[in-house]
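These are the residues of each chain, in order.
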Amino acid sequence: MFEMNLPWWEFVVRGAAVYLILLVMVRVSGRRTVGQFTPFDLLVVMLLSEAVSNSLTGGDQSLVGGFIVAAVLVGLNMTMAFLSSHSKKMSDILDGSAVLLGRDGELYEKVMKRCRISREEVDQALRCADCDIKDMRCAFLEADGQITIQKK
């Protein structure tokens, strides 16, 4: 239970590698993945955790190995949060920035497709903002996946 099958540093390397690879995969997959989970997105997250569990521990079932991996993951998360809060460039890389989806009542279809945003999602945001499309000054896809509407 307390005896590890692998050296301690291998847990650190495995944890860091899996964290960084998954971070890149989540950032590449788009901002809606992070902001608002559909049932399919939730399923992918659950399956990802199962898929990488052995990659984190290398088959080691010890408590110490699990705690080392957990400490590495928490430490990396804290480091990324620190970097993001102290550097605009790192914040843009790690967290993303807002994307303009439309202006003055016109939606930018190419931008919406690139961001994988449907017209229905924008219409829903317009309804939530109690704003008709002709009264929209700007529509933004925020870094957290929310769509915000500015009225004229």
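Reading the values: the criteria
Residues numbered from 1 in each chain as written. Predicted model: local features only at pLDDT ≥ 70, side-chain atom pairs only at ≥ 80, totals over all residues. Heavy atoms only, no water. UniProt positions renumbered as here; feature names shortened; annotations may be inferred. Pairing = 2+ DSSP bridges. Helix = DSSP H or I, 4+ residues; strand = E, 2+ residues; numbered from the N terminus. Domains from an automatic or database assignment. Buried < 20%, exposed > 50% of the residue type's maximum accessible area, 1.4 Å probe, protein only. Contact = heavy atoms within 4.5 Å. Core = buried A, V, L, I, M, F, W, Y, C linked by side-chain atoms within 4.5 Å.

An unreviewed UniProt entry annotates the protein as DUF421 domain-containing protein of Massilia atriviolacea. The record held by UniProt for the protein lists under Subcellular location (unreviewed entry) the comment "Cell membrane".

Judged from the four bridges that link them, strand β1 (residues 99-103) and strand β3 (residues 136-141) form a sheet pairing that is antiparallel. Across the sheet, residue L100 finds its bridge partner in β3, namely F140. Pairing analysis gives two bridges linking β1 to strand β2 (residues 106-107), with the strands arranged antiparallel. Note on β2: the bridge partner recorded for G102 is L107. In this structure, the hairpin formed by β1 and β2 is closed by a connection of two residues, where D104 is found at a positive phi of approximately 50 degrees.

Sheet topology note: the β3/strand β4 (residues 147-151) ladder contains five bridges and is antiparallel. Among the inter-strand pairings, M136 is bridged to a residue of β4, identified as K151. Where β3 folds back onto β4 in an antiparallel hairpin, the turn is made up of five residues, including G145, whose phi is positive at roughly 95 degrees.

What follows deals with the domain arrangement of the protein. One widely used convention gives an interface's size as the accessible area the parts lose upon coming together. Here the domain parsing of the protein yields domain 1 (8-95) and domain 2 (99-151). On a C-alpha basis, the centres of domain 1 and domain 2 stand 30 Å from each other.

Structurally, A70 can be placed in helix α4 (residues 63-86). Exposure remark for A70: the relative accessible area of 37% places this residue in the partly exposed category. With 55 residues separating them in the primary sequence, A70 and G15 have C-alpha atoms 8.0 Å apart.

Our focus in this paragraph is the environment of V64. When you line up the elements, V64 lands in helix α4. Distance in space between the C-alpha atoms of V64 and F11 is 9.9 Å, their sequence separation being 53 residues. In this view, V64 contacts F2 and M4; residues no more than four positions away in its chain are not counted.

Further remarks concern the nonpolar core. Formed by 16 residues in total, the largest nonpolar core has its most connected members in L101, I117, V122, M136, L141, I147 and I149. For M136, the residues in contact, after removing those within four places along its chain, are G102, R103, D104, G105, E106, L107, L126, C131, I149, Q150 and K152. By size, the runner-up hydrophobic cluster in this structure holds twelve residues, among which are L6, I68, V69 and L94.

Quick look at the UniProt feature "transmembrane region" (unreviewed entry) in the protein now. UniProt records the feature "transmembrane region" (unreviewed entry) for residues 6-28 and 63-83 in the present numbering. The span residues 6-28 carries 91% helix and 0% strand; its end-to-end C-alpha distance comes to 32 Å.

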